[in-house]
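Overview (structure and organization)
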Amino acid sequence: MGETERLTRATDGLPAPLAVVDLDVFDANAASLLSRAGGTPVRVAAKSVRVRSLIERALGAGFAGVMAFSLDEAMWLVGTGVRDVLLGYPTVDAGALARLAGDPVARREITLMVDDVAQLALVRTALAGRDAAAGEPALPDVAVCLDVDSSLRVGWGPLQLHLGTRRSPLRSPEQVAALAVEVAGTEGLRLRGLMFYEAQVAGVPDTPAVRVVKALSVPDVDQRRRGILAAVRAAVGHDVELVNAGGTGSLETSAAGTGVTEVTSGSGLFVPGTFDAMRSVTQRPSAFFGLDVVRNPGPGWATAFGGGYIASGPAGRSRLPRPVTPGWALTRQEAAGEVQTPLRLRGGRPLDVGDRVWFRHAKAGELMERFAAVHLVRGDEVVGTVPTYRGEGRTFG
């Protein structure tokens, strides 16, 4: 029995559109990611999963800590019992900062991400509003991590190319050390670590040009990280305890990097379509969504209901869902639509009205934003149904 036939049998009688995760593959992927990291702890990226029970499943499999998308999400996760939550991005949410300031458990378990004195000023304001209260017991210091730009820059002056994401303004050892001193000198804060996310290595397909970029980036980031860690040590008088790096596509090189104490992965648990051209990703897809055929507009055609689940990023075909039912493909004229998705037979079994057709999303956690629940499959049966963030009434960004 083929994969899509097995999923169809497992979900027979359940209405579509629907999302499923194959638990056997999910568990194998978790083990593979830990193995690829070679013993370096792996933090699970919550935004790439967005299903609390599956985040907890990854932690139970050996992942160490969570990287959250927002402070609101981090506060919620800690409230459900998750521990050691690192924000992947800075926050300017004054309300969430005020809640963090007054919550001793959240203050102990959440590490804020900062890359600018303006963000730090908001944190200081929140702490001042809470810590100035007379007669209150002392609260734990809030941990802070500094996000360091890890892009590759090639050339000089106006001809310089920035290869990577536009994230932090912190790049030089002097810039990072100066903000580290600001954090270390703020009452109620402690400098916990640094993050080096080399997106141009961890998250892009392996085209010939990108392979060159990756080959140049790995030693460049390693050398700069070495200098930045030394500058921070000299500035604050001690080493930081946390040095986070990498993503699913760079676990091996990031884990082996100088000073790295942990790496992050989340998409590798689901393996979305954008990973198909990444040679370093050896895991198998575990997350799918199913649609039902509602029309046969002509020989060699089938039209499914719904399916316009387009991924974020630069507009183009790389952001479209991938049909996985053998022999079927999207059309260039309509692609995946809000209310219907026409498919063209390229070789395989015809689909009839009422048949189920299966897809993969182009990205990982974004699929789960479309559904309130996800069905957990083993073999050819559903063994559980759990809520997504959306199903728990939670939206973050």
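Chains are numbered independently. Their residues run from 1 in the order of the written sequence. Confidence filtering applies because this is a predicted model: local features only for residues at pLDDT of at least 70, side-chain atom pairs given and counted only at 80 or more, and all residues used for totals across whole chains, interfaces and linings. Excluding hydrogens and water, the side-chain figures rest on all heavy atoms present in the structure.

On to the nonpolar core, then. Grouped together as the largest cluster of nonpolar side chains are 95 residues, with contacts concentrated most on L71, I110 and L146. Each helix is a run of H or I in the DSSP string that is no shorter than four residues. Each strand is a run of E no shorter than two, and both are numbered from the N terminus. Among the elements that line this core, the one with the most residues is helix α4 (residues 71–79), at 6 residues. What we call a nonpolar core is a set of buried Ala, Val, Leu, Ile, Met, Phe, Trp, Tyr and Cys residues that are connected through their side-chain atoms within 4.5 Å. Exposure is judged per residue with a 1.4 Å probe applied to protein chains only, and the accessible area is read against the type maximum: over 50% gives exposed, under 20% gives buried, and values in between give partly exposed. Core analysis: the next-biggest nonpolar cluster, separate from the first, contains 7 residues, L7, A10, V20 and W358 among them.

Pairing within the closed barrel is parallel, and its 8 strands lie in the order β2-β3-β4-β5-β6-β9-β10-β11. Neighbour to neighbour, the strand axes of the sheet diverge by 30 degrees on average, direction disregarded. DSSP calls a pair of strands paired once it identifies at least 2 bridges connecting them. Relative to strand β11 (residues 262–265), strand β2 (residues 42–45) is paired through 3 bridges, and the arrangement is parallel. By the bridge assignment for β11, R43 is matched with T264. In what follows, residue pairs with any heavy atoms lying within 4.5 Å of each other are defined as contacts. Throughout, an axis means a line fitted to C-alpha atoms (over the contacting stretch in the case of helices), and angles, computed between N-to-C directions, take values from 0 to 180 degrees. The sheet strands contacting α4 are β3 (66–68), β4 (85–87) and β5 (110–114), and the helix crosses β5 at an angle near 170 degrees. Running at roughly 170 degrees to strand β6 (residues 142–148), helix α8 (residues 173–184) makes contact with β5, β6 and β9 (189–196) of the sheet.

Turning to its location among the elements, D355 is positioned in the loop between β16 (340–345) and β17 (356–360). Under this definition, polar contacts are N or O atom pairs within 3.5 Å; protein pairs additionally need one hydrogen-donor-capable and one acceptor-capable atom, and for neighbouring residues in sequence, both atoms have to be side-chain atoms. Here the side chain of D355 touches D352 through a polar contact of 2.7 Å, landing on its backbone nitrogen. Apart from the residues within four sequence positions on either side, D355 is in contact with L291, D292, V293, R349 and P350.

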